[in-house]
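Breakdown of the fold
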Amino acid sequence: MAQWTSAVGAAQLARLLKSQQDRPAGPGTRRPPAYRALADGIRLLVLEGRVPVAARLPAERELALALSVSRTTVAAAYEALRIEGFLESRRGAGSWTAVPAGNPLPARGLEPLPPEALGSLIDLGCAALPAPEPWLTRAVQGALEELPPYAHTHGDYPAGLPALRSMIAERYTARGIPTMPEQIMVTTGAMGAIDAICHLFGGRGERIAVESPSYANILQLMREAGARLVPVAMAEGLAGWDMDRWRQVLREAAPRIAYVVADFHNPTGALADEDQRRRLVEAARSAGTVLVADETMSELWLDEDVEMPRPVCGFDPAGSTVVTVGSASKAFWAGMRIGWVRAAPDVIRSLVAARAYADLGTPVLEQLAVNWLFSTGGWEQAVEVRREQARGNRDALVAAVRRELPGWEFEVPKGGLTLWVRAGGLSGSRLAEAGERVGVRVPSGPRFGVDGAFEGYVRLPFTVGGAVAEEAAARLAAAARVVESGGTAGGEAPRTFVA
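Residues numbered from 1 in each chain as written. Predicted model: local features only at pLDDT ≥ 70, side-chain atom pairs only at ≥ 80, totals over all residues. Heavy atoms only, no water.

Remarks on the sheet that holds strand β7 (residues 207–212)
The strand order across the open sheet built from 7 strands is β6-β12-β11-β10-β9-β7-β8, with neighbouring strands paired in mixed fashion. One side of each edge strand has no neighbouring strand; the edge strands of this open sheet are β6 (184–187) and β8 (228–233). For this sheet, the mean inter-axis angle between neighbouring strands, taken without regard to orientation, is 20°. Pairing analysis gives 4 bridges linking β6 to strand β12 (residues 339–342), with the strands arranged antiparallel. Bridge pairing links Val 186 to Trp 340 in β12. Relative to the sheet, helix α12 (residues 345–354) contacts β6 and β12, its axis offset from that of β6 by approximately 30°. (Pairing = 2+ DSSP bridges. Helix = DSSP H or I, 4+ residues; strand = E, 2+ residues; numbered from the N terminus. Axes fitted to C-alpha atoms, helices over the stretch in contact; angles between N-to-C directions. Contact = heavy atoms within 4.5 Å.)

Written as structure tokens, this is what we have:
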């Protein structure tokens, strides 16, 4: 049985390698032998995630023809990659990309930081902002006023409170997507929604196509559910989704589920346009794949010139292909653990039935709080506060990183909560380790890839602004110097910083 889950054609690989050659080399750089340059180029593509791990590479003769080099050069490059652990081969099955053993993913970086550490460590691990007050307090007070009738019931609503289901359905309808309450299930956050979807459609051993990079916590959730992740490389920068790659993977790998974040993608910040959404739905429908569209970031546009495209489910009028996931956690507050699923009624019934063996239902008080926000207009006002916070933080962080780390590369997204940064050729894993020692917590790129890809990246969320953003960038620069020197931070504790 072959160990690869996708394939890279000779022409495609040649184009990717050429894009590396177009980058200017540093002064005094010596040209390596041809086979070494080819091996290094393929290795970098794997570490950046532009060629997925477990992707079948073209045969030696095919790649040699596409690159206009000798077959001997390609054979020597492949052999060098095998020795280094970046390529595995088997007679009759070909060669496929890999990541060497001993390249562990960072053990920390995305879980919430303990409150006692906040004085000395700047947390850039979690993409979450403080609650938009006074709207949280008002929503809870409004929920308490609505609570008494529900307190006389058993309190278990596996599909969610009827009032909230109706309100969410009305909001989709107002966006031009006719929706009935029977198409909505309220969940405990978006994670609870995706977990339920994976258990319903996935099962152990099922293939799930995911963007590469993608949201780290969802990738881990899917791994623990026993899924076989099939990465689909994102296009460069904010271009987002390469539809030729998606069509190929969906056709050849036939995954049961495909998971995408089309609205201000986490971590890159890319926004899928209407043509990409239409083609993605068509490709999923043709392959018989359930397309899970995570739109938890959809309301976090930050620039005035953003024109939001139709939701992904708007291109699936029959409701047979797309399952949509939403949440209050990103647009409002991470502590508000309310999410929802929009799908065909039969899918919702199956999800609700399976819930009897999971968590039974979502807390009633939090559902009432979100329903109060939706029904009073408080949601729109709170989200506008959230946008202002994120916009200010983004601009401050971008300016500080450009000043302190001019060699780092990124494009500024028009929405969302994250900046995806190529760290000037440094190891993201080593930066994360050094950052902890100099007082800044940052998740490394491999957390957002499959099997160790994106080693050269870090994700920076828009969670700090002003002087804190400047200090965070300064500490990142200090971590970069540690990594560049191959040394340590000297064991000195970072100074306490008060915003």
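Okay, back to it.
Examining the packing of helix α10 (residues 243–253) against helix α11 (residues 274–287)
At a minimum axis separation of 9 Å, α10 and α11 run at an interaxial angle of 10°. The orientation of α10 with respect to α11, classified from their angle, is roughly parallel. Of the residues in α11, those touching α10 at Met 243, Asp 244, Trp 246, Arg 247 and Leu 250 are Gln 276, Arg 279, Leu 280, Ala 283, Ala 284 and Ala 287. Residues of the contact of α10 with α11, tallied by class, amount to 7 nonpolar, 1 polar and 3 charged. (Parallel < 35°, antiparallel > 145°, perpendicular 65-115°, else oblique. Nonpolar A, V, L, I, M, F, W, Y, C, P; charged D, E, K, R; others polar.)

Quick notes on the packing of aromatic side chains
In this description, a pair of aromatic rings is defined by centroid distance and the angle of the planes. One pass over the full model with this rule turns up 8 aromatic pairs. Aromatic side chains Trp 420 and Phe 448 sit 5.6 Å apart centroid to centroid with 80° between the ring planes, which places their arrangement in the edge-to-face category. Taken together, the residues span a long stretch of sequence, with Trp 420 in strand β13 (residues 418–422) and Phe 448 in the loop between β14 (440–441) and β15 (457–461) at a distance of 28 residues. Members of the aromatic cluster, joined through ring pairs, are Phe 332, Trp 340, Phe 374 and Trp 379. When the ring centre of Trp 135 is taken as reference, the NZ or CZ atom of Arg 138 above it lies at 4.6 Å. Over the aromatic face of Tyr 172 sits the side chain of Arg 342, whose NZ or CZ is 5.8 Å from the ring centroid. (Phe/Tyr/Trp six-rings, centres within 6.5 Å; stacked < 30°, edge-to-face > 60°. Lys NZ or Arg CZ within 6 Å of the ring centre and 35° of its normal.)

Here's the deal with unusual backbone geometry
In this structure, the amide linkage connecting Glu 133 to the following residue, Pro 134, adopts the cis form with an omega of 10°. Assignment of secondary structure puts Pro 134 in the loop between β5 (122–123) and α5 (135–146). Of the consecutive residues Asn 266 and Pro 267, the connecting peptide bond is found in the cis state with omega at 25°. Relative to the elements of secondary structure, Pro 267 occurs in the loop between β9 (257–260) and α11. Of note in this structure, Ala 254 is not a glycine but carries a positive phi near 45°. Position of Ala 254 relative to the elements: it lies in the loop between α10 and β9. Of the residues examined, Ala 254 reaches a relative accessible area of 49% and is grouped as partly exposed. (Buried < 20%, exposed > 50% of the residue type's maximum accessible area, 1.4 Å probe, protein only.)

Quick notes on the side chain of Ser 327
Structurally, Ser 327 is set in strand β11 (residues 322–327). Assessed through its relative accessible area of 7%, Ser 327 is described here as buried. One polar contact links the side chain of Ser 327 to the main-chain amide nitrogen of Ser 329, over a distance of 2.9 Å. A distance of 3.5 Å separates the side chain of Ser 327 from the backbone oxygen of Ile 338, its partner in a polar contact. (Polar contact = N/O pair within 3.5 Å; in protein donor to acceptor, adjacent residues only side chain to side chain.)

With respect to the nonpolar core
Counting 55 residues, the largest nonpolar core has Trp 246, Leu 291 and Phe 332 as its most contacted members. Of the residues forming this core, the biggest block, 6 residues, is contributed by helix α13 (residues 364–376). Non-local contacts of Leu 291, meaning those with residues more than four positions away in its chain, are made with Ala 258, Val 260, Leu 280, Val 281, Ala 284, Val 312, Thr 321, Val 322 and Val 323. By size, the runner-up hydrophobic cluster in this structure holds 41 residues, among which are Ile 122, Ala 423, Leu 431 and Ala 477. (Core = buried A, V, L, I, M, F, W, Y, C linked by side-chain atoms within 4.5 Å.)

What to know about the packing of helix α8 (residues 189–202) against helix α9 (residues 216–224)
Axis separation between α8 and α9 bottoms out at 10 Å; the angle between their running directions is 30°. Handedness of the crossing formed by α8 with α9: right-handed. Contacts between α8 and α9 pair Met 191, Ile 194, Asp 195 and Cys 198 from the former with Asn 217, Ile 218, Leu 221 and Met 222 from the latter. Class assignment for the residues of the contact of α8 with α9 results in 6 nonpolar, 1 polar and 1 charged. (Left-handed = near helix turned anticlockwise from the far one by under 90°.)

So, the environment of Pro 58
Mapping Pro 58 onto the fold places it in the loop between β2 (55–56) and α3 (60–67). Not counting residues within four places of it along the chain, the set of residues in contact with Pro 58 comprises Val 8, Gly 9, Ala 10, Leu 13, Leu 63 and Tyr 78.

A few points about the confidence of the model for the protein
Here the protein shows a mean pLDDT of 89. Residues at 70 or above account for 91%. The low-confidence segment residues 104–109 (pLDDT under 50) makes 15 contacts with residues lying over four places distant or belonging to another chain. Here residues 488–499 is a poorly scored stretch, pLDDT under 50, and it has 23 contacts once near neighbours within four places are set aside; other chains count. (pLDDT = per-residue confidence, 0-100.)

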